[in-house]
Amino acid sequence: MKKQIVLATGNKGKLNEFRAILKDYEILTPRELNVDFDVEETGETFYDNALIKARALYEICKLPTLADDSGLCVDALGGAPGVFSARYSGGNDKDNIDKLLNELSTAKGRKAHFSCCIVYYDGASVVSATGETHGIITREVIGNGGFGYDPVFLSDDLGKTFGEASEDEKNKISHRARALAQLADILHGKA
């Protein structure tokens, strides 16, 4: 029987990615356990927010948990929007992109990276892993795939925006996939 881990998400794409990489575990969601889970992310770092979610979920279900936090970090903006990526403008994805492009309209550099921190918590120990993927911010939306800042993030690895990339292409080099691969190695005692 596989060890059960509860993932702090309701996002099907994220769930599929976790299940595909952590094949030796049974990855469950709060919804599958009939648990209503929503926690405020008040941390100053991706690690802080992931840990807040992992610990809060563990207290509810008393099973090992996984939680992640991630965002876009733009060099010319001193790392912003960072932990505030999802709520950067106070609006939706389009509003966030519009604010980002406006703030970069006179910037000399457009280098950026997506960063992710994943935390595993079992009530006694905390294990974390991080991943990044680098690129630049385009001057306009290119592609209609993905979500969030994907259509304005031109990936160094892919040579196209995440908005143009297939889900499979993005998942192979994404910040979350890299953090998850690192975590899988740690959990399997390889790191």
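Owing to the predicted nature of the structure, the values given are computational and were not obtained by experimental measurement.

Quick word on the packing of aromatic side chains
Then comes step 1: Tallying each qualifying case throughout the model produces 4 aromatic pairs.
Then comes step 2: Taken together, F114, F153 and F162 form an aromatic cluster joined through their ring pairs.
Then comes step 3: One residue, K99, lies across the ring of Y88, its end atom 4.4 Å from the ring centre.

A few points about helix α3 (residues 93-103)
Then comes step 1: Buried within α3 are the following residues: N96, I97, L100 and L101. Mapping the buried residues of α3 onto a view down its axis gives an arc of 125°, with all of them on the same face. α3 presents K94 and N102 as exposed residues on the side facing more than 90 degrees away from its buried surface.
Then comes step 2: Looking at the buried side of α3, the elements it contacts are β3 (65-74) and β5 (126-137).

Some words on the pattern of salt bridges
Then comes step 1: Scanning the entire structure with this criterion turns up 10 salt bridges.
Then comes step 2: Across the pair K94 and D98 runs a salt bridge whose closest N-O atoms are separated by 2.7 Å. Separated by 4 residues within a single helix, K94 and D98 lie in helix α3, roughly one turn from each other.
Then comes step 3: A relative accessible area of 55% means that K94 is categorised as exposed.
Then comes step 4: With a relative accessible area of 37%, D98 lands in the partly exposed category.
Then comes step 5: Of the charged contacts in the structure, one is a salt bridge between K170 and D150, with a shortest N-O distance of 2.6 Å. Residue K170 is found in helix α4 (residues 167-173), and its partner D150 is found in the loop between β5 and β6 (153-155); the two are separated by 20 residues along the sequence. The pair K170 / D150 is uniform in exposure class, with both members buried.

Considerations on the sheet that holds strand β4 (residues 111-121)
Then comes step 1: Across the sheet, which stays open at both edges, the 6 strands sit in the order β2-β1-β3-β4-β5-β6 with mixed pairing between neighbours. Strands at the two margins of the open sheet, each flanked by one partner only, are β2 (25-28) and β6. In this sheet, adjacent strand axes meet at a mean angle of 35° when their direction is disregarded.
Then comes step 2: Along the sheet face, helix α2 (residues 46-61) touches β1 (3-7), β3, β4 and β5 and points at about 160° away from the line of β3.
Then comes step 3: Against the sheet, helix α5 (residues 175-187) engages β2, β3, β4 and β5, with an angle of about 155° to β5.

A short note on helix α1 (residues 12-21)
Then comes step 1: K14, L15, E17 and F18 are the residues of α1 that are buried. The buried side chains of α1 occupy one side of the element, clustering within an arc of 160° when seen end-on.
Then comes step 2: Taken together, the buried residues of α1 touch β1, β2, β3, β4, α4 and α5.
Then comes step 3: For α1, the N-terminal cap is N11; the gap from its side-chain oxygen to the backbone nitrogen of K14 is 2.8 Å.

Cut-off values and rules
Within each chain, residue numbers correspond to sequence positions counted from 1 in written order. Reporting of local features is limited, given that this is a predicted model, to residues whose pLDDT is at least 70; pairs of side-chain atoms are given and counted only at 80 or more, and all residues count toward the totals for whole chains, interfaces and linings. Each side-chain value is derived from all of the structure's non-hydrogen atoms; neither hydrogens nor water enter the calculation. Think of it this way: a Phe, Tyr or Trp ring, Trp meaning its six-membered ring, pairs with another when their centres are within 6.5 Å, and the plane angle makes it stacked under 30 degrees, edge-to-face over 60, tilted otherwise. The rule is short: NZ of Lys or CZ of Arg within 6 Å of the ring centre and within 35 degrees of the ring normal puts a charge over the ring. Each residue is assigned to one of three classes by its accessible area relative to the maximum for its type, calculated with a 1.4 Å probe on protein chains only: buried under 20%, partly exposed between the two thresholds, exposed over 50%. Numbering goes from the N terminus for both helices and strands, where a helix is a DSSP run of H or I of at least four residues and a strand is a run of E of at least two. Arc definition: directions from the helix axis to the C-beta atoms. The criterion used for residue contact is that any of the two residues' heavy atoms lie within 4.5 Å. Basic side-chain nitrogens of Lys or Arg form a salt bridge, by our definition, when they fall within 4 Å of a carboxyl oxygen of Asp or Glu. A strand pair is defined by DSSP finding two or more bridges across the two strands. Axis definition: a line fitted to C-alpha atoms, over the contacting stretch in the case of helices. Angles run 0 to 180 degrees between N-to-C directions. Polar contacts, as used here, are pairs of N or O atoms within 3.5 Å; protein pairs need one atom able to donate a hydrogen and one able to accept it. Residues neighboring in sequence count only if both atoms are side-chain atoms.

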